[in-house]
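Descriptive structure summary
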Amino acid sequence: LGIREPEHYGNKTYKDLCDLIYAHAEKRGVEVKICQSNHEGDLVDAIQSAYGTFDGIVINPAAYTHTSVAILDAVKSVSLPTVEVHISKVDEREEFRQVSFIRSACIKTISGKGFDGYLEAMDLLMHAKEFHAENNRFYDSLYRGIQFYDRLLNELHYLNNISHPNQKEERM
């Protein structure tokens, strides 16, 4: 970053990007780990190490977007919500960039928003986590309500049988 194709990626550096991400994470009260590598296996290792440690992944697989089944499989294997980010508008670039292997494992793709795309992805994952937690609370309450209702029906059935001991059960 900062050197290669500034018409697509701008003039800001990788350090600028990291500083922006760390500042945003601090402001939002979340922990982040940034990993950059030009080696596919290192990226797979980083994705797999996120399992059980982090709640989501923001990934810019760069050229591996269009070639890496290994990165796709790694993201699928950890089952963490993942957002694919591209600094440039990949859909307006070369034809080979139109293919994204990883996209099928991502909850969203953010493209063409520069460094802000990373912040948007972080916010999206935080909102997804909050939404998931809220839904879990709802479903937990619903489940407890169903359990209560089942117990109530069982009690009523039991009481009904006690109060009518001579009543025969009807069979169909």
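In what follows, the accompanying structure is described. (Residues numbered from 1 in each chain as written. Predicted model: local features only at pLDDT ≥ 70, side-chain atom pairs only at ≥ 80, totals over all residues. Heavy atoms only, no water.)

1. Quick notes on the packing of helix α3 (residues 40-50) against helix α4 (residues 69-78)
Interaxial distance between α3 and α4 falls to 9 Å at its minimum, and their mutual angle equals 5°. Comparing the axis directions of α3 and α4 gives the class roughly parallel. From α3, E40, L43, V44, I47 and Q48 reach across to α4, where they touch A70, I71, A74, V75, S77 and V78. Taken together, the residues that form the contact of α3 with α4 break down as eight nonpolar, two polar and one charged. (Axes fitted to C-alpha atoms, helices over the stretch in contact; angles between N-to-C directions. Helix = DSSP H or I, 4+ residues; strand = E, 2+ residues; numbered from the N terminus. Parallel < 35°, antiparallel > 145°, perpendicular 65-115°, else oblique. Contact = heavy atoms within 4.5 Å. Nonpolar A, V, L, I, M, F, W, Y, C, P; charged D, E, K, R; others polar.)

2. Details of the sheet that holds strand β1 (residues 57-59)
On the basis of which strands lie adjacent, the open sheet formed by three strands has the order β1-β2-β3 and parallel pairing. Edge positions in the sheet fall to β1 and β3 (108-111), since each has one partner strand and no second. Strand-to-strand twist in this sheet, taken as the mean axis angle between neighbours without regard to direction, amounts to 20°. Inspection of the sheet shows β1 paired to strand β2 (residues 82-86) by three bridges, in the parallel sense. Each residue of the ladder has a partner; that of V58, found in β2, is V83. (Pairing = 2+ DSSP bridges.)

3. Re the environment of Y9
In this structure, Y9 sits in helix α1 (residues 6-9). On a C-alpha basis, the gap between Y9 and I87 in space is 6.1 Å, while along the polypeptide they are 78 residues apart.

4. Considering α4
Within α4, the full set of buried residues consists of I71, L72, A74, V75 and V78. All buried residues of α4 lie within an arc of 160° about the axis, which places them on one face of the element. Looking at the buried side of α4, the elements it contacts are α3, β1 and β2. Measuring from the backbone nitrogen of A70 back to the side-chain oxygen at the start of α4 gives 3.4 Å, which picks out S68 as the cap. Note on α4: the residue one or two positions beyond its end, S79, has a positive phi of about 50°. (Buried < 20%, exposed > 50% of the residue type's maximum accessible area, 1.4 Å probe, protein only. Arc of directions from axis to C-beta. Polar contact = N/O pair within 3.5 Å; in protein donor to acceptor, adjacent residues only side chain to side chain.)

5. Notes on the nonpolar core
I47, I57, I59, I71 and I102 are the most contacted members of the largest nonpolar core, which totals 16 residues. Put simply, the parts of the chain that give this core at least two residues each are α3, β1 and α4. Among the elements that take part in this core, α4 stands out by supplying five residues, more than any other. Excluding its chain neighbours within four sequence positions, the residues that come into contact with I102 are I59, P61, T65, I71, L72, V75 and E84. Counting 15 residues, the second largest nonpolar core, distinct from the first, contains Y9, V83, L119 and L125. (Core = buried A, V, L, I, M, F, W, Y, C linked by side-chain atoms within 4.5 Å.)

6. Quick look at the environment of L80
Among the structural elements, L80 can be located in the loop between α4 and β2. The sequence separation of L80 and A50 amounts to 30 residues, and the corresponding C-alpha distance is 8.4 Å. The residues contacting L80, other than those within four sequence positions of it, are A50, Y51, F54, D55, G56, I57 and V75.

7. Points about helix α2 (residues 14-28)
Compared with the 21 Å implied by 1.5 Å per residue over 15 residues, the 21 Å span of α2 between its first and last C-alpha is a close match. Among all positions in α2, only L17, C18, I21, H24 and A25 are buried. Taken down its axis, α2 places every buried residue within 130° of arc, on the same side. Among the exposed residues of α2, those oriented more than 90 degrees off its buried face are K15, E26 and K27. Positive backbone phi, approximately 75°, marks G29, located one or two places after α2. (Expected span 1.5 Å × (residues − 1).)

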